[in-house]
Amino acid sequence: MLRIHSLLFCLILFAPVSRAAEPAKTGDLKWKAGLAKSVITPKQPIWMAGYGSRTEPAEGALHDLYIRVLVLEDAHGQRGVILSSDTLGIPKSIYDDVAKQVEQQFQLKRSQILLHGSHTHCGPVLRGALYDAYPLTDSEIEKINTYSDWLTEEVVATIGRALQDLKPATVSYGIGTSDFGVNRRTNREPDVPILREQNLLMGPVDHTVPVLAVRNNDGKLMAAVFAYACHNTVLSFQKWCGDYSGFAQYDLESKHPGAMALFCMGCGADQNPIPRRSVELAETYGKKLSASVDEVLSKPMKPLSASLNMKHEFVSLTMQPLPKTEELEKMAAGAIGYSQRWANRMLKMIQSNTEIAREYPYPVSTWNLGSDLVWVALGGEVVVDYSLRLKAEHGEATMITAYANDVMAYIPSRRVLMEGGYEGQSSMMIYGLPTERWAEDVEERIAKAVGQLIESVRKGNQ
Ligand SMILES: [Zn+2]
């Protein structure tokens with residue numbers, strides 16, 4: 001019901017205007033846009049991210065992995081940098097290093113950078129991210145660190161190239177839909193095909209495909225930023241691959257030669273592409289998503305005036321205390337796996353009197369483009385409830401992306417936290433934080449911070 005209502009709202013808000021084609025008048029070209037991309041496919045067979053069940057490193061590539069950077073500059077010279085990456089997520093260690101270097105080299109603040117990971121499970125493990133999930137040896141960790149240092153340099157260098165590439169542009173916004181994402185908490189994977197056929201799929205979903213189009217003075221597409229709220233987990237094999245979003249980017253770039261397609265994951269932490277597990281399906285979903293983006297691009301879109309206001313905040317999220325020592329000892333003595341590795345690490349911290357953090361600095365950024373669009377970028381694996389709630393609170397012209405500027409854990413809503421399960425509880429151990437659960441006010445703290453930041457960037461654009 002909520003979904004139908006939301007869709008109607010966006011159809012009304014973004015109803016076609018009288019123009020049949022995208023504006024290409026020089027007077028509208030007050031934005032500037034710069035683009036650059038780099039191949040980041042590991043040259044060595046290092047460990048692959050996302051699944052703890054893998055027993056060996058990658059064996060070659062199905063297709064190349066990329067980082068893609070779009071820089072937007074408004075009429076007052078304010079710059080914002082969007083990075084889309086075919087990675088599981090940019091961890092805090094890399095985010096902090098990039099933030100420091102781009103401030104030194106390009107005078108960019110944290111509020112001006114959105115570093116996204118597509119959450120492909122066929123990308124490399126990155127420094128410090130989810131080590132308890134994998135059976136890593138010291139030499140594997142060394143390879144991960146070497147690759148992560150190289151990736152950090154590539155990200156900074158690619159941002160530098162995009163900053164050198166600024167050209168006059170228009171920016172516009174529209175919303176499409178695609179329906180392959182399924183709520184994985186409320187639908188058993190084997191039942192999905194029949195449930196779909198009978199229209200009986202359950203649970204909240206967000207099937208919208210927000211699209212930001214950047215065009216040059218001939219109206220030619222320079223870049224399309226697009227989002228979708230669904231895990232990038234069609235594939236689980238041993239080859240580097242961008243999964244469905246990788247295929248979507250390849251497809252869009254082949255249909256629009258010279259343009260760049262940047263996928264930014266939405267709040268898809270509790271959504272899966274189902275059925276899955278074949279290259280054919282990954283390609284099919286990628287092409288579906290690409291077709292949805294293309295449909296939005298082919299219709300009149302909402303032009304955004306050239307003003308950019310950006311805010312960033314680390315919201316302090318509380319972690320619930322660790323389980324009792326006896327419970328940790330039981331887990332540490334259990335079968336080899338992530339909970340055993342995590343419990344052992346926690347016990348070592350307790351025994352060595354290491355200070356155990358109770359709060360986590362959670363990154364939230366909001367950008368206001370023109371007076372219309374608000375873009376909210378959230379860290380972590382965010383469940384779909386946030387997307388639905390924030391759009392209901394702040395309007396359909398709110399683009400919500402997640403997996404941005406640090407992926408430290410799942411971010412359950414209060415509902416999912418209370419229900420428990422993987423996204424509400426057990427995934428915390430896989431990420432390695434010193435807790436089994438966020439505090440019960442996790443959703444309220446994030447929603448409150450988002451509300452305050454949105455109010456602040458909207459004021460800045462008045
Ligand atoms: Zn995930």
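In this report, the structure presented in the accompanying data block is examined. (Residues numbered from 1 in each chain as written. Predicted model: local features only at pLDDT ≥ 70, side-chain atom pairs only at ≥ 80, totals over all residues. Heavy atoms only, no water.)

Quick notes on the nonpolar core
With 103 residues, the main nonpolar core has F226, Y244, L378, I411 and W438 as its most contacted residues. Considering every element that reaches this core, the biggest residue donor is helix α3 (residues 138-163), with eight residues. If we skip the residues at most four places from it in the chain, L378 touches Y362, P363, V364, L390, I400, T401, A402, Y403, A404, I446 and V450. The next biggest cluster of nonpolar side chains, apart from the first, holds 30 residues, and it includes L35, I82, M260 and A306. (Core = buried A, V, L, I, M, F, W, Y, C linked by side-chain atoms within 4.5 Å. Buried < 20%, exposed > 50% of the residue type's maximum accessible area, 1.4 Å probe, protein only. Helix = DSSP H or I, 4+ residues; strand = E, 2+ residues; numbered from the N terminus. Contact = heavy atoms within 4.5 Å.)

Digging into the pattern of salt bridges
Think of it this way: side chains of opposite charge can pair up when their charged atoms draw near. One pass over the structure, following the stated rule, counts 31 salt bridges. Residue R389 is joined to E444 by a salt bridge in which the shortest nitrogen-to-oxygen separation is 2.8 Å. Within this pair, whereas R389 is found in helix α9 (residues 384-394), its partner E444 is found in helix α12 (residues 442-460), the two being separated by 55 residues in sequence. On the accessibility criterion, R389 (21% relative accessible area) is partly exposed. (Salt bridge = Lys/Arg side-chain N within 4 Å of Asp/Glu carboxyl O.)

Brief notes about the coordination of the zinc ion
Each protein donor to the zinc ion is listed here as H119 (NE2), H231 (NE2) and E381 (OE); together their distances run 2.0 to 2.1 Å. Ordering the donors of the zinc ion by residue number gives the pattern H-x111-H-x149-E. Placement of the pair is H119 in the loop between β4 (113-117) and α3 and E381 in strand β15 (residues 381-382), with a sequence separation of 262 residues. Considered together, H119 and E381 belong to a single accessibility category, that of buried residues. (Donors = N, O, S within 2.8 Å, 3.2 Å for Na, K, Ca; no water.)

Observations concerning the packing of aromatic side chains
Tallied over the full model, the rule gives eleven aromatic pairs. A ring pair is formed by Y147 and W150, whose centres lie 5.6 Å apart and whose planes are at 45°; its orientation type is tilted. In this pair, Y147 and W150 are both assigned in helix α3, three residues apart and thus about one turn of the helix distant. A centroid spacing of 4.7 Å and a plane angle of 15° characterise the contact between F180 and Y285, whose relative ring orientation is stacked. Residue F180 is located in the loop between β5 (167-177) and β6 (181-183), and its partner Y285 is located in helix α6 (residues 279-298); the two are separated by 105 residues in the primary sequence. No difference in accessibility class separates F180 from Y285, as the two residues are buried. Three or more aromatic residues joined by ring pairs form one cluster here, namely F180, F226, Y228, Y244, F263 and Y285. Against the face of Y66 rests K37, its NZ or CZ located 4.8 Å from the ring centre. Over the ring of Y95 we find R110, and its NZ or CZ is 4.7 Å from the ring centre. (Phe/Tyr/Trp six-rings, centres within 6.5 Å; stacked < 30°, edge-to-face > 60°. Lys NZ or Arg CZ within 6 Å of the ring centre and 35° of its normal.)

A look at helix α2 (residues 92-106)
For α2, which comprises 15 residues, the first-to-last C-alpha distance of 20 Å matches the rise-based estimate of 21 Å (1.5 Å per residue) to within 8%. Buried residues of α2: I94, Y95, V98, A99 and V102, and no others. Across the axial projection of α2, the buried residues extend over an arc of 135°, all falling on one side. Among the exposed residues of α2, those oriented more than 90 degrees off its buried face are K100 and Q104. Buried-residue contacts for α2 involve β4, α3, β12 (308-318) and β13 (359-369). (Expected span 1.5 Å × (residues − 1). Arc of directions from axis to C-beta.)

Comments concerning the environment of R161
You can see R161 is positioned in helix α3. Overall, the relative accessible area of 43% leaves R161 in the partly exposed class. Taking the C-alpha atoms as reference points, R161 and V71, 90 residues apart in sequence, are found 9.8 Å from one another. If we skip the residues at most four places from it in the chain, R161 touches A36, K37 and S38.

What to know about α12
Taking 1.5 Å of rise per residue, 19 residues should cover 27 Å, and α12 covers 27 Å from first to last C-alpha, within 8% of that figure. Buried positions along α12 lie against β12, β13, β14 (373-378), α9, β17 (410-411) and α10 (414-419).

Some remarks on the state of the cysteines
Each disulfide consists of one covalent bond between the sulfur atoms belonging to two cysteines. Applying the stated rule across the entire model yields zero disulfides. Residue C230 stays outside any disulfide, its sulfur separated by 13 Å from that of C267, the closest cysteine. The thiol of C264 is unpaired, and the distance to the nearest cysteine sulfur, on C267, comes to 12 Å. Its relative accessible area of 0% is what places C264 among the buried residues. (Disulfide = S-S within 2.5 Å.)

Points about the environment of I430
When you line up the elements, I430 lands in helix α11 (residues 421-431). The spatial distance from the C-alpha of I430 to the C-alpha of G52 is 8.6 Å, given a sequence separation of 378 residues. I430 has contacts with L130, D132, A133, Y338 and Y422, leaving out every residue within four places of it along the chain.

By themselves these figures say nothing about function.
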